[in-house]
Amino acid sequence: MRTRAAVSAALASAGILIAGWQSGLHVADTGSSVASAAAGSTGSSGSSGTSGSAGASGSSGSSSSSSAGGTTGASAKAVGTYAGSVVQTRFGSVQVQITVQAGKITDVTALQLTDAERKSVQISNRAAPLLRTEVLAAQSADVQTISGATVTSDAYLNSLQAALDAANL
Amino acid sequence: MNTQLLTNRPGVRRSSGGAVNPFRAQYRRRLLRADLLTVLFWASLAGAIALWLADGGAAGFSTPAGSFTALGIVAGLAGMDLVLLMLLLAARIPLIDQTVGHDRALEFHRKLGKPALYLLLAHGILIAIGYGMAEGLDPVSESVALWVLVPDMWLAYISMLLFIAVVVTSLVAVRRRFPYEFWYAVHLLTYAAVLTSLPHQFSVGGLFAEGTWQRWYWLALCIATGAALLYYRVVQPLVATFRHQLTVKRVVRVAPGVVSIEMSGLRLDELAGSGGRFFIWRFLAPGLWWHPHPFSLSAEPVRFDAAGQGTLRITVRNLGRGSSQLASLKPGTKVAVEGPYGLFSTAARSRNHVVMVGAGIGITPVRALLESTPFQPGNATVILRGHSESELYLGEEILDLCRRRGATLFHLTGSRPAGIRTWLPEHAARAGHRLASYHPNITDADVYVCGPSAWAHNVLEDARAAGVREDQIHYERFDW
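Quantities reported herein were computed from a predicted structural model and do not represent experimental measurements.

(A) How the structure looks around the overall build of chain B. Broken down by element type, chain B carries 15 helices and twelve strands. Principal axes of the C-alpha set define a box for chain B whose edges measure 80 × 50 × 45 Å. Looking at chain B as a whole, 43% of its 480 residues are labelled buried. For chain B, restricting intrachain contacts to residue pairs at least 6 apart in sequence, the fraction spanning at least 24 positions comes to 72%.

(B) Spotlight on the overall build of chain A. A tally of helices and strands in chain A yields four helices and four strands. If you list the helices and strands of chain A from N to C, you get α-α-β-β-β-β-α-α. Out of the 169 residues in chain A, the part that is buried amounts to 41%. Of all intrachain contacts in chain A linking residues separated by at least 6 positions in sequence, the fraction that spans at least 24 positions is 58%.

(C) Main features of the environment of B:R267. In this fold, B:R267 is placed in the loop between strand 3 (258-265) and strand 4 (278-283). Each C-alpha atom, one on B:R267 and one on B:F375, is 27 Å from the other, the two residues being 108 residues apart in sequence.

(D) Fine view of the interface of chain A and chain B. Contacts between chain A and chain B engage 31 residues on the former and 37 residues on the latter. Counting residues per element, the side of chain A that touches chain B draws most heavily on helix 1 (residues 2-65) of chain A, which supplies 16 residues. Looking at side-chain class alone, the side of chain A that touches chain B contains 14 nonpolar, twelve polar and five charged residues.

(E) The arrangement of the packing of helix 2 (residues 64-89) of chain B against helix 9 (residues 213-244) of chain B in detail. All names here are of chain B. Helix 9 packs onto helix 2 with a crossing angle of 20° between their chain directions and a minimal axis gap of 9 Å. Between helix 2 and helix 9, the interaxial angle falls into the category roughly parallel. The crossing of helix 2 and helix 9 is left-handed. Residues L84, L87 and L88 of helix 2 form the contact with helix 9, whose own contacting residues are L221, C222, T225, A228 and L229. Tallied by class, residues from the contact of helix 2 with helix 9 come to seven nonpolar, one polar and no charged.

(F) Summary view of helix 12 (residues 395-405) of chain B. Residue and element names in this part refer to chain B. Taken residue by residue, helix 12 has I398, L401, C402 and R405 as its buried positions. Summarising the axial view, the buried residues of helix 12 lie within an arc of 100°, below the 170-degree limit, and thus occupy one face. Across helix 12 from its buried face, at more than 90 degrees, point the exposed residues E396 and D400. Backbone geometry just downstream of helix 12 places G406 in the positive-phi region, at approximately 75°.

(G) Helix 15 (residues 453-465) of chain B, seen in detail. Residues and elements named next belong to chain B. Counted at 1.5 Å a residue, the expected span for helix 15 with its 13 residues is 18 Å, and the 18 Å between its end C-alpha atoms agrees. Within the span of helix 15, buried status applies to A456, V459, D462 and A463. Here the buried residues of helix 15 occupy an arc of 120° about the axis, which is enough to place them on one side. The exposed set on the far side of helix 15, more than 90 degrees from its buried face, consists of S453, A454 and A465. Summarising the contacts, the buried residues of helix 15 are in contact with strand 8 (353-359), helix 14 (435-438), strand 11 (445-450) and strand 12 (473-476). Where helix 15 terminates, the next one or two residues include G467, which has phi positive at roughly 100°.

(H) Highlighting the confidence of the model for chain B. All names here are of chain B. Mean pLDDT over chain B stands at 88; residues scoring 70 or higher make up 94%. Confidence drops under pLDDT 50 across residues 1-18; counting only partners more than four residues distant or on other chains, this segment forms 31 contacts. Interface confidence for the predicted complex, expressed as ipTM, amounts to 0.82; the pTM equals 0.78.

(I) Here's a closer look at the packing of helix 11 (residues 363-372) of chain B against helix 12 of chain B. All names here are of chain B. Where helix 11 contacts helix 12, the two axes come as close as 10 Å, and the packing angle between them is 20°. As far as their axial angle goes, helix 12 and helix 11 are roughly parallel. Our pair here, helix 11 against helix 12, has a crossing hand that is left-handed. Packed against helix 11, whose contacting residues are R367, L370 and E371, the element helix 12 presents E397, I398 and L401 at the interface. Grouping the amino acids of the contact of helix 11 with helix 12 by side-chain chemistry returns three nonpolar, no polar and three charged.

(J) How the structure looks around the nonpolar core. Residues and elements named next belong to chain B. If you look at the biggest cluster of nonpolar residues, it comprises 67 residues, and the most contacted ones within it are M356, V382 and Y448. Both of domain 1 (2-22 + 349-476) and domain 3 (245-341) provide at least three residues apiece to this core. Ignoring any residue separated from it by four or fewer positions in sequence, one finds V382 in contact with M356, V366, L370, I398, C402, A407 and L409. Judged by nonpolar contacts, the second largest core, of 50 residues, contains L53, I73, V100 and F163.

(K) Local environment of the sheet that holds strand 7 (residues 334-341) of chain B. All names here are of chain B. Spatially, 5-4-7-2-3-6 is the arrangement adopted by the six strands of the open sheet, whose pairing is antiparallel. Two strands lie at the open edges of the sheet, namely strand 5 (293-296) and strand 6 (310-317), each paired on one side alone. Pairs of neighbouring strands in the sheet enclose a mean axial angle of 35°, with direction left out of account. Across four bridges, strand 4 lies against strand 5 in antiparallel orientation. Its bridge partner being in strand 5, W281 is matched across the sheet by H293.

(L) Seen up close, the pairing of strand 10 (residues 407-413) of chain B. All names here are of chain B. The buried count for strand 10 comes to five of seven residues, which makes it a mostly enclosed element. The pairing of strand 9 (residues 380-386) with strand 10 spans seven bridges and is classified as parallel. Following the sheet pairing, L384 is matched in strand 10 by H411. Regarding topology, helix 12 serves as the crossover connection from strand 9 to the parallel strand 10, and that connection is right-handed.

(M) The arrangement of the confidence of the model for chain A in detail. Within chain A, residue pLDDT values average 69, and 63% of them lie at 70 or more. Low pLDDT (under 50) marks residues 29-77 of chain A, which in the prediction has 65 contacts with non-local residues, meaning those over four places away or in another chain.

(N) Spatial organisation of the environment of B:P440. Looking at the element boundaries, B:P440 is found in the loop between helix 14 and strand 11. Spatially, the C-alpha atom of B:P440 lies 10.0 Å from that of B:T381, the residues being 59 residues apart in sequence.

(O) Just the pairing of strand 12 of chain B, in detail. Residues and elements named next belong to chain B. Where strand 11 and strand 12 come together, four bridges link them in parallel fashion. Bridging from a neighbouring strand, Y448 pairs with H474 of strand 12. Regarding the hand of the β-α-β motif, the stretch spanning strand 11, helix 15 and strand 12 is right-handed.

(P) Representation of the environment of B:H291 in the model. Relative to the assigned elements, B:H291 resides in the loop between strand 4 and strand 5. Exposure remark for B:H291: the 16 C-beta atoms within 10 Å place this residue in the partly exposed category.

So, how was this worked out
- Residues numbered from 1 in each chain as written.
- Chains lettered and ligands numbered in written order.
- Predicted model: local features only at pLDDT ≥ 70, side-chain atom pairs only at ≥ 80, totals over all residues.
- Helix = DSSP H or I, 4+ residues; strand = E, 2+ residues; numbered from the N terminus.
- Buried ≥ 20, exposed ≤ 12 C-beta atoms within 10 Å, placed from the backbone.
- Contact = placed C-beta atoms within 7 Å.
- Nonpolar A, V, L, I, M, F, W, Y, C, P; charged D, E, K, R; others polar.
- Axes fitted to C-alpha atoms, helices over the stretch in contact; angles between N-to-C directions.
- Parallel < 35°, antiparallel > 145°, perpendicular 65-115°, else oblique.
- Left-handed = near helix turned anticlockwise from the far one by under 90°.
- Arc of directions from axis to C-beta.
- Expected span 1.5 Å × (residues − 1).
- pLDDT = per-residue confidence, 0-100.
- Core = buried A, V, L, I, M, F, W, Y, C linked by C-beta atoms within 7 Å.
- Domains from an automatic or database assignment.
- Pairing = 2+ DSSP bridges.
- Right-handed = clockwise from strand over helix to strand, strands pointing away.

Encoded structure:
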């Protein structure tokens with residue numbers, strides 16, 4: 001009878017694991033294709049369409065909020081807030097805003113984060129604070145992406161770079 | 001001393017010489033249930049890991065950092081699943097109790113404690129390493145970052161500390177140093193540990209994000225566990241207490257330091273057949289009400305006594321702080337009750353023959369079982385063990401029952417011989433007696449053993465050596 005229990009338990013567990021693994025393969029396939037598609041779309045929209053217009057709006061926004069610092073150009077130290085470009089991803093749009101004082105990034109706020117599905121919201125919630133800390137430490141967009149949140153991280157850093165460009169940093 | 005009287009008891013099912021075994025069907029059902037529980041146990045663990053596999057988790061193994069994270073997630077899932085199973089094992093669910101018995105369930109519960117803790121620790125460490133590698137941080141900085149930056153993670157850290165506290169205080173070596181109440185209070189923190197661990201599972205873990213079927217499965221598992229605990233450990237005892245309305249009728253001194261407590265109550269016929277099983281009693285008197293006492297019935301419940309009331313009886317020895325006050329219980333004291341629990345009953349029978357071995361206060365459930373369990377005259381043996389005749393509690397009643405039912409009774413008194421591991425008194429051990437000497441057909445018998453654990457283990461060893469299979473042995477632990 002003990003063998004009956006052991007055999008049935010082993011068969012049941014193996015069956016469950018294999019079923020899970022099989023459906024997981026399917027998810028992994030779609031997941032990776034989604035990721036690559038998202039990366040592609042991010043790249044194209046970032047380079048051509050959105051970033052230009054968003055960059056323009058970002059700079060106009062900054063000039064209105066801080067008239068003196070924003071417009072005096074590269075020589076003076078930039079002060080104020082600068083919004084980055086809106087970067088489209090498969091999971092929603094991402095846009096960040098930086099606060100600059102005395103030529104240093106003092107804060108990064110996410111104006112929009114990936115929110116297409118609830119799961120994306122959770123990923124964003126985990127990634128955004130980590131990215132913010134990294135950026136504040138590095139004072140640039142040249143930081144590691146967050147594991148499990150690659151799409152969000154890439155979009156975040158792209159938008160950030162646009163904001164940095166707008167701030168002439 | 002050997003007293004054997006052959007008087008037919010009316011109502012015993014027809015069967016001759018073991019040809020028909022009336023317990024075969026219930027025995028097979030019990031084994032089936034045991035196998036089913038084993039399968040459920042492993043299937044739930046496999047299920048926890050399958051949740052993650054179905055989410056494409058295995059893809060994480062493509063990078064070193066991903067591998068650490070993946071292992072960390074698996075450890076966390078398996079650890080949480082074990083914690084939920086541990087809670088279910090301690091929930092006194094009738095299916096589990098009637099299959100393996102409350103004491104075996106708790107023994108298994110205890111065995112799972114350390115593996116569960118190790119899995120949860122591994123979960124934390126591996127995730128910190130995995131995330132840290134991906135972000136270029138060392139595990140310690142990553143842990144700090146998780147604590148400070150990610151919502152709900154600080155709760156998870158508190159949960160981890162609570163789990164460590166609960167398991168450490170439950171280690172045998174540590175547990176002995178503190179009073180029971182201290183251990184119990186710390187053990188209650190388990191609920192806090194589980195509750196504080198839940199937020200991060202659902203908010204930080206992407207696996208249980210809203211809209212996934214995994215989230216529903218995990219929620220259902222957590223809620224079902226909570227509901228089982230609430231129902232079987234809170235609602236059921238309250239219902240039983242109000243349903244049976246037990247009050248202390250009288251307290252009778254049986255021997256020095258031993259008293260029988262008789263209680264009267266309503267609808268006690270519903271408890272028929274629970275003689276020998278135990279209940280958890282709370283005597284609602286000042287200074288006593290908060291102390292739960294696990295005691296077996298020492299007689300079958302009586303539906304109507306001479307006064308037309310139902311009565312229950314437990315027989316208790318003055319064992320410790322709580323028990324000593326019981327001798328002075330006032331008649332009329334209300335009693336809260338949970339139970340019956342355990343497998344020291346006819347429900348565990350698998351064979352025609354039955355051998356009941358009791359020592360000290362462990363004799364009392366044997367007395368109750370002897371009263372009700374069916375057997376043919378000559379197919380039952382009762383062995384009572386004590387230092388002296390005066391320690392064979394309820395000996396008169398047992399002698400009387402053996403006479404009426406045709407059971408063979410042995411009184412084994414005297415101290416154990418020095419230096420030999422035996423459950424027998426010196427004279428019997430020297431004469432070369434074994435358990436099989438007292439009941440020739442022992443391999444075709446259910447063996448019920450109740451008494452101090454060191455002594456009982458010697459009896460069990462003797463029974464196994466005589467060829468009694470594990471599922472024929474029914475041992476009630478006293479010291480859990």
